[in-house]
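# Fold and geometry: a report
Here's the letter readout for the chains.
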Amino acid sequence: MTEAFIEVAIIFVKVVVLGFILFSLPLPLTWLERKIAGHIQVRLGPFRVGPHGVLQPFADMVKMLFKEDVIPEQADRLLFRFAPIVSMVPIFMVFVAIPFGESWTIPYINKEVTLYVADMNVGLLYILAISGVAVYGIILGGWASNSKYALLGGLRSSAQMISYEVALTFACIGVVMLASSLNLIDIVRAQTGGVTNWNVFYLPVGPVWFVIFFIAGLAEINRIPFDLPEDEGTLAAGFHVEYSGIRFAYFMLAEYIAMVSMSVLAVILFFGGWDDPTGLGWLPPIVWFLLKVGFFVYLFMWIRFTLPRYRYDQLMTIGWKILIPLSLLNILVTGWMII
Amino acid sequence: MEKKRNDMKGMPVTTRELTLSFGPQHPSAHGVLHLLVDIQGETVLRAEPDIGYLHRGTEKIAENLFYHQFVPYTDRLDYMCGMSNNLAYVLAVEKLLDIEVPERAQYIRVIAAELSRLSGHLVCIGAWGVDLGAMSMLLYAIRDREMVLDLFEMLCGARMTYSYLRIGGVRYDATEEFKKKCLALCRILPEKIEEYEKLLTGNRIWIKRNRGVGAISGEDAIEIGLGGPNLRASGVNWDMRKDEPYLVYDRLNFDVPLGTDGDCFDRYMVRIEEMRQSIRIIEQCVRDMPEGPFNVDMPEIVPPPKHEIYQNMEALIHHFKYVSHGFKVPEGEVYCAIEAPKGELGFYIKSDGSERPYRLKIRAPSFCNLQAMDTLSRGEYLADVVAIVSSLDPVFGECDK
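Residues numbered from 1 in each chain as written. Chains lettered and ligands numbered in written order. Predicted model: local features only at pLDDT ≥ 70, side-chain atom pairs only at ≥ 80, totals over all residues. Heavy atoms only, no water.

## Remarks on the overall build of chain A
Within chain A, the regular secondary structure consists of 12 helices and 2 strands. The secondary structure elements of chain A, listed N-terminal to C-terminal, are α-α-α-α-β-β-α-α-α-α-α-α-α-α. Relative to the 2.2 N^0.38 estimate, which gives 20 Å for 339 residues, the radius of gyration of chain A is 21 Å and therefore close to what a compact globule would have. Expressed as lengths along the three principal axes of its C-alpha atoms, the size of chain A is roughly 55 × 55 × 45 Å. Expressed as a percentage of its 339 residues, the buried residues of chain A come to 53%. If you take every contact in chain A between residues at least 6 apart in sequence, the share linking residues at least 24 apart comes to 75%. For chain A, the accessible area works out to roughly 15,500 Å², and carbon and sulfur atoms hold 73% of it. (Helix = DSSP H or I, 4+ residues; strand = E, 2+ residues; numbered from the N terminus. Rg over C-alpha atoms; globule rule 2.2 N^0.38 Å. Buried < 20%, exposed > 50% of the residue type's maximum accessible area, 1.4 Å probe, protein only. Contact = heavy atoms within 4.5 Å. Areas by Shrake-Rupley, 256 points an atom, 1.4 Å probe, with all protein chains shown as cover.)

Here it is as structure tokens:
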């Protein structure tokens, strides 16, 4: 009885801690993004609030909270309120299945705790399915605003997400074939033992898988060069043009967490998760994991401030005419290699 | 018969075009452009510019001002390159007065005009970048424009609205330090232009977004009245600096870059190349600039310097007459055009022999270029409209006058 109670308590604590981390993650990330943008664009970035502007996200948060929450008169009020939640919740739910490491022994009480909330045998499938739900938030937000710009943004996102979800899923199939498991922990275990075992270095198909995954992932999380749903050059802000205050913050939050989740997936699927590339063990696995994730987060930001964005039809062309055929071919080659 | 919502049931599902009000408050509206875009899906059927949000009646204002008082108003036409506007106006008035400014002033004017071309093109390319998503491009262009603005500040103390050119010469002399800084700019800027080219010219996405977008043939471009880099991108070799030279352009050695396809990418490449040519022109001008006066010796048109006014009776009288009565301009009419960064900028002035113009008309290149909006964007995608607006580079101070 007590055993079961402790187990439940541990899960509860893990969920609370994870939720807290995820909610507060956008704070450093927005600061980081603005700083990186600043330094790429030869300026300082935020500098006024706190040393080097570190408190800027808090100031922004306060501002967001106190902003008037405008709902356009012609909007569908229920859906308009519902949409930010729909876009945010699934992104959080993704993290239930994501492992951050094997396990960790709590000092003093010698209790071993796993570094994941749920060990699902269909983890990858669950993540892909749940993150696909988030697109409804964007579509609903675009539709419910009853604004032409928002509607166009919503339409673009639905087309974009559907086409790129296919490529993204296909890119994951190769990894699943190699590990012969959908369980993320098994996938990481299959890659342990040095850099050469990482999926990305499974030549010749590994790098191709990763490139497809990365491009489709960029499109999936609406980052430049595929940020067409919010294309500020054309659509002002696309689907969230009518949102203000904290509802807008929800969309922002979802976007940042999606970026982290995509980085995490890239690390788990292709870069050996918490595997130590040096093999010396001078850093705990979780640190390696976070370093790799951080690298990808930085990469996403770097790309954002370097590239222009694609046009809607060009995006579709890339998705359907290049990525999907390429990934199908890659599946064939991988299958042949495994046999 | 009024239709109720319920009556819609059972009706066939139809698609209908959407009229999108693009601007005047829109990130890519380049100021206050209001475009009425009819779209079907994302395809543009019509694009109609609706201008006039920045109309200040500049032409009418001119009728109530002395000739020399109107110079500051020209600064506010194309506020990205005030020097060129100054130049077009003072050249027109000087043509009426039939005076020739000293050589040194002519060289300084060419430098000023070419520097303002640099600043105008830098803003154009930066804004173009940010409209298509390459945000850093804007910051880089603005950073390098800062060097140009510093030069202007050195020349006349102002960074945006210069009023530096005056009828009969220029307001202040170009110092040795200014020349040195000019040469420094000519050394640094080509590297920066290389940098932009690395970011954009070879960029697959940039090429995809601009190649073949908003293409127009040379004949059509002439017919619709495109000017400046937009016309030359279509392969039409027409540059006022070469074809109807003014100031000292006929002595300078420079090329007129031409495009072939007349699409957005060519318009971009022409601008990049024009910046390089401007740098060449500035280098030559700094080298060849002679010593001498920088104003005509006509005290009624160019009043004596301030410090003389306090000591010299004659100077005081001239200054007083200049400020309170202006100067008379002989009767007649004149059209004078220069190659401004955006195209042919012309001033038509009709004088009735008094101190004020009887009528003044501005041929603003942005206005003429914007006419092509509908022709260029028909059948393109909505996102291309943004690229086309950026490539035409309208400035609304000038377009709305």
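## Remarks on the interface of chain B and chain A
The interface of chain B with chain A comprises 34 residues on the first partner and 26 residues on the second. In this assembly, chain B packs against chain A so that about 2,700 Å² is buried in total across both faces, 60% of it on carbon and sulfur atoms. The largest per-residue losses of area from chain B upon contact with chain A belong to B:E42, B:I205 and B:K208, which jointly make up 21% of the total buried on that side. In this structure, the connection of chain B to chain A is made through 2 salt bridges. One salt bridge connects B:D384 with A:R311, and the closest N-O pair in it is separated by 2.9 Å. Taken together, the links from chain B to chain A amount to 10 residue pairs in polar contact (both at pLDDT 80 or more). At the level of secondary structure, the elements contributing two or more residues to the side of chain B that touches chain A comprise β1 (18–22), α5 (135–156), α7 (204–210) and α16 (382–392) of chain B. (Buried area = accessible area lost by both parts, 1.4 Å probe. Salt bridge = Lys/Arg side-chain N within 4 Å of Asp/Glu carboxyl O. Polar contact = N/O pair within 3.5 Å; in protein donor to acceptor, adjacent residues only side chain to side chain.)

## A short note on the domain arrangement of chain B
Residue and element names in this part refer to chain B. Taken as a whole, chain B is organised into domain 1 (5–46) and domain 2 (55–400). Put simply, the middle of domain 1 and the middle of domain 2, counted by C-alpha atoms, are 36 Å apart. The contact between domain 1 and domain 2 buries some 1,400 Å² in all, and 68% of this surface belongs to carbon and sulfur atoms. Among the residues of domain 1 in contact with domain 2, H30, L33 and V44 are the three that bury the most area, contributing 41% of the side total. (Domains from an automatic or database assignment.)

## Overview of the pairing of strand β6 (residues 332–340) of chain B
Strand direction decides the pairing type here: β6(B) and strand β7 (residues 343–351) of chain B, joined by 9 bridges, are antiparallel. Residue pairing for β7(B): B:A337 is matched across the bridge by B:G346. (Pairing = 2+ DSSP bridges.)

## So, the sheet that holds strand β8 (residues 357–363) of chain B
Residues and elements named next belong to chain B. The 3 strands lie next to each other as β6-β7-β8, forming an open sheet whose pairing is antiparallel. Every interior strand has two partners, whereas the edge strands, β6 and β8, have only one. Strand after strand, the sheet turns through a mean of 15 degrees between neighbouring axes, direction not considered. Here β7 pairs with β8 via 6 bridges, running antiparallel. In the sheet register, K350 faces β8, and the bridge partner there is R359. Across the sheet, helix α3 (residues 82–97) lies against β6, β7 and β8, angled at about 150 degrees from β6, the strand it touches most. (Axes fitted to C-alpha atoms, helices over the stretch in contact; angles between N-to-C directions.)

## Section: the sheet that holds strand β2 (residues 34–40) of chain B
Taken in spatial order, the 3 strands make up an open sheet running β1-β2-β3 (chain B), and their pairing is antiparallel. For this open sheet the edge positions go to β1 and β3 (43–50) of chain B, each flanked by a neighbour on one side alone. Across the sheet, the axes of successive neighbouring strands diverge by a mean angle of 20 degrees, strand direction being ignored. Bridging between β2(B) and β3(B) involves 7 bridges; their strand directions are antiparallel. Looking at the pairing, B:V37 lines up with B:A47 of β3(B). Relative to the sheet, helix α6 (residues 148–179) of chain A contacts β1 and β2 of chain B, its axis offset from that of β1(B) by approximately 110 degrees. Sheet strands in contact with α16(B) are β1, β2 and β3 of chain B, and its direction is about 150 degrees off that of β2(B).

## Topic: the pattern of salt bridges
Residues and elements named next belong to chain B. The final tally for this structure, using the stated rule, is 45 salt bridges over all chains. Its salt-bridge partner being D78, residue K342 comes within 3.2 Å of it at the nearest N-O pair. Separated by 264 residues along the polypeptide, K342 in the loop between β6 and β7 and D78 in the loop between α2 (71–75) and α3 bring together distant segments of the chain. K342 sits in the buried class, given a relative accessible area of 2%. You can call D78 buried: its relative accessible area is 1%.

## Some thoughts on the packing of aromatic side chains
Residues and elements named next belong to chain A. Taken as a whole and judged by the stated rule, the model has 27 aromatic pairs over all chains. Ring geometry for F23 and F92: centres 4.8 Å apart, planes at 40 degrees, overall tilted. Residue F23 is located in helix α1 (residues 2–24), and its partner F92 is located in helix α4 (residues 77–94); the two are separated by 69 residues in the primary sequence. On the numbers, 6.4 Å between centres and 50 degrees between planes, the contact of F214 with F296 is tilted. (Phe/Tyr/Trp six-rings, centres within 6.5 Å; stacked < 30°, edge-to-face > 60°.)

## What to know about the packing of helix α2 (residues 26–40) of chain A against helix α11 (residues 285–304) of chain A
Residue and element names in this part refer to chain A. For the pair α2 and α11, interaxial distance at closest approach is 10 Å and the crossing angle is 45 degrees. It follows that α2 is oblique to α11 by the angle criterion. Read as a crossing pair, α2 and α11 show a hand that is right-handed. Each of L29, L32, E33, I36 and I40 in α2 lies in contact with α11, whose residues at this interface are V297, Y298, M301, W302 and R304. Tallied by class, residues from the contact of α2 with α11 come to 8 nonpolar, no polar and 2 charged. (Parallel < 35°, antiparallel > 145°, perpendicular 65-115°, else oblique. Left-handed = near helix turned anticlockwise from the far one by under 90°. Nonpolar A, V, L, I, M, F, W, Y, C, P; charged D, E, K, R; others polar.)

## Looking at the side chain of A:R247
Residue and element names in this part refer to chain A. Tracing the backbone shows R247 in helix α10 (residues 245–270). Looking at R247, the relative accessible area reads 14%, which means it is buried. Discounting residues that sit within four places of it in the chain, R247 has contacts with D69, I71, F80, R81 and P84.

## Section: helix α3 (residues 56–66) of chain A
All names here are of chain A. Of the positions making up α3, those classed as buried are Q56, P57 and M64. Around the axis of α3, the buried residues are gathered within 95 degrees of arc, so they sit on the same side. Structural note: α3 exposes L65 and F66 on the side pointing more than 90 degrees away from its buried face. Contacts from the buried residues of α3 go to α2 and α10. (Arc of directions from axis to C-beta.)

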